[in-house]
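Topology and contacts: notes
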Amino acid sequence: MPELAGDLREPAAATPPARTVGAAGPGPSQAPAARRPRTAPAWVWTAPPVAVLAVVFLYPLALVVRQSLSPEGGGGAFDAYASVFASHGFREALGTTVWLAVGATVGCLVLGFALALVIAFVPFPGSKAVAKFIDVFLSFPSFLVTLALLFIYGTVGMANGAWTDLTGAAEGPFQFLATPWGVLLAEITWFTPFVMRPLLAAFSQLDTAQLEVASSLGAKPARIVRRVILPEALPALAAGGSLVLVMCLNEFGIVLFTGAKDVTTLPMLIYGKAILESDYAAACVVAVVNIAISVGLFGLYRVVSKRAGA
């Protein structure tokens, strides 16, 4: 009986053989790590754009600075700077450039804010088309606006032509285009869309519920604009105004096309010194001053744009 019981007992489970690493290969935990693709060093990608920037921009700029410090006619390093800074023409051009840029910026801010308010909050047919046209207008060259103003208000423009036809006078009354006020009008006309674009973007994100609540509480439109809309528009106004100020300081085509002979800005002074007088040292000095002012204002524009989220 003991032998029979031993025969009927189930056989014990066989013990699995130990894994031999060398014979069956490595286990799952011992799989070789995946090889990372080899990438080029960072300098390989940064070198080409840096080289292009150095050749196209930095090298000519360095030549301008060097020419301003070592004029071909000889003299000390800062003799050309002293001569230019002491000249009445440079001080007058600097003052004209600053007041035209500041005046155009203020005009663009006022006009751009008013037009953006109408487009964004006053429903009228074609408002979306007008907003899209502003984007297209930004791609136009500046001399087209000046040319259009010449056709209208020029010496032989349509306005003066209509006046002489009606009155028989020898010339029309509209002679302001060749004056600083004509340059100011052309710059405001051209640069106003650069203020309207960020304003329209800011107005599109404004919660209209605030306007409805203010209106339901009896606030008049002027108060709503002053207390609700204007605080939201201040960052966009600062960014757009900073950009317009920088661009007005460097504007050349508008001043040239208006034919304002008595209006000399820094870009016009550079053109006159280099092309008309062949005084390259003085032209380089004025160019360095213009670049320094522009870079400083552009840095201010970047700071304001960053804070405004533009």
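Residues numbered from 1 in each chain as written. Predicted model: local features only at pLDDT ≥ 70, side-chain atom pairs only at ≥ 80, totals over all residues. Heavy atoms only, no water.

Brief notes about the overall build of the chain
- Counting its secondary structure elements, the chain contains 14 helices and zero strands.
- In the chain, the succession of α and β elements from N to C terminus is α-α-α-α-α-α-α-α-α-α-α-α-α-α.
- Buried residues in the chain amount to 32% of all 310 residues.
- Look at the contacts in the chain between residues 6 or more apart in sequence, and 71% of them connect residues 24 or more apart.
- Counting every atom, the chain has about 19800 Å² of accessible surface; 68% of that belongs to carbon and sulfur. (Helix = DSSP H or I, 4+ residues; strand = E, 2+ residues; numbered from the N terminus. Buried < 20%, exposed > 50% of the residue type's maximum accessible area, 1.4 Å probe, protein only. Contact = heavy atoms within 4.5 Å. Areas by Shrake-Rupley, 256 points an atom, 1.4 Å probe, with all protein chains shown as cover.)

Considering helix H13 (residues 266–276)
- Of the residues making up H13, those classed as buried are Leu 266, Pro 267, Met 268, Leu 269, Gly 272 and Ala 274.
- Just past H13, the residue Ser 278 takes up positive phi, approximately 55°.

Quick word on the packing of helix H9 (residues 180–204) against helix H11 (residues 221–249)
- Following both chains from N to C, one finds H9 and H11 inclined at 145°, their axes separated by 8 Å at the closest point. Considering the relative orientation of H9 and H11, their crossing is right-handed. Where H9 approaches H11, its residues Glu 187, Phe 191, Phe 194, Val 195, Pro 198, Leu 199, Ala 202 and Phe 203 are matched on the opposing element by Ile 229, Glu 232, Ala 233, Ala 236, Leu 237, Gly 240, Gly 241, Leu 243, Val 244, Met 247 and Cys 248.
- Each residue belonging to the contact of H9 with H11 can be placed in one class, and the counts come to 15 nonpolar, two polar and two charged. (Axes fitted to C-alpha atoms, helices over the stretch in contact; angles between N-to-C directions. Left-handed = near helix turned anticlockwise from the far one by under 90°. Nonpolar A, V, L, I, M, F, W, Y, C, P; charged D, E, K, R; others polar.)

Comments concerning the environment of Val 289
- Considering the arrangement of structural elements, one finds Val 289 in helix H14 (residues 280–308).
- A relative accessible area of 14% places Val 289 in the buried class.
- Sequence separation between Val 289 and Leu 266 is 23 residues; the distance between their C-alpha atoms is 8.8 Å.
- Those residues within four positions of Val 289 in sequence are excluded, and the remaining contacts are Phe 85 and Phe 90.

Details of the side chain of Asn 160
- Position of Asn 160 relative to the elements: it lies in helix H8 (residues 158–167).
- Overall, the relative accessible area of 1% leaves Asn 160 in the buried class.
- Apart from the residues within four sequence positions on either side, Asn 160 is in contact with Ile 152, Tyr 153, Gly 154, Thr 155, Gly 172, Pro 173, Phe 174 and Gln 175.

Things to note about the nonpolar core
- Membership of the largest hydrophobic core comes to 45 residues, with the highest contact counts inside it found for Phe 191, Leu 199 and Phe 203.
- Only helix H5 (88–121), helix H6 (127–137), helix H7 (142–153), H9, helix H10 (208–216), H11 and helix H12 (253–258) provide two or more residues apiece to this core.
- The element best represented in this core is H9, accounting for 12 residues.
- With sequence-adjacent residues up to four places away left out, Phe 203 is seen in contact with Phe 113, Ala 116, Leu 117, Ala 120, Phe 121, Ile 229 and Ala 233. (Core = buried A, V, L, I, M, F, W, Y, C linked by side-chain atoms within 4.5 Å.)

With respect to the pattern of salt bridges
- Applying the stated rule across the entire model yields one salt bridge.
- Taking the shortest distance from any N to any O, the salt bridge between Glu 277 and Lys 273 comes out at 3.4 Å.
- Given a relative accessible area of 22%, Lys 273 falls into the partly exposed group. (Salt bridge = Lys/Arg side-chain N within 4 Å of Asp/Glu carboxyl O.)

Remarks on the state of the cysteines
- Applying the stated criterion across every chain yields a total of zero disulfides.
- Just so you know, Cys 248 is unpaired, no disulfide at all, and the nearest cysteine sulfur is the one on Cys 108, 5.9 Å from it. (Disulfide = S-S within 2.5 Å.)

Concerning a nonpolar patch on the surface
- Taken together, Phe 133, Val 136, Phe 140, Phe 143, Leu 144, Leu 147, Phe 151, Ile 152, Met 158, Leu 256 and Phe 257 make up a surface patch of nonpolar side chains, about 980 Å² in accessible area.
- For the nonpolar patch, the secondary-structure elements that each account for two or more residues are H6, H7 and H12.
- Of the residues forming the nonpolar patch, the biggest block, five residues, is contributed by H7.
- Here Met 158 shows up in helix H8. (Patch = residues over 30% accessible without salt bridge, like charges linked within 9 Å, V, L, I, M, F, W, Y side chains within 5 Å.)

What about unusual backbone geometry?
- Even without a glycine there, the phi angle at Ser 278 is positive, about 55°.
- Structurally, Ser 278 can be placed in the loop between H13 and H14.

Considering the packing of aromatic side chains
- This structure, assessed with the given rule, holds 14 aromatic pairs.
- With 5.5 Å between their ring centres and 50° between their planes, Tyr 153 and Phe 176 make a pair best called tilted. One end of the pair, Tyr 153, is in helix H7; the other, Phe 176, is in the loop between H8 and H9, with 23 residues separating them in the sequence.
- Through successive ring pairs, a cluster of aromatic residues spans Phe 78, Tyr 81, Phe 85 and Phe 90. (Phe/Tyr/Trp six-rings, centres within 6.5 Å; stacked < 30°, edge-to-face > 60°.)

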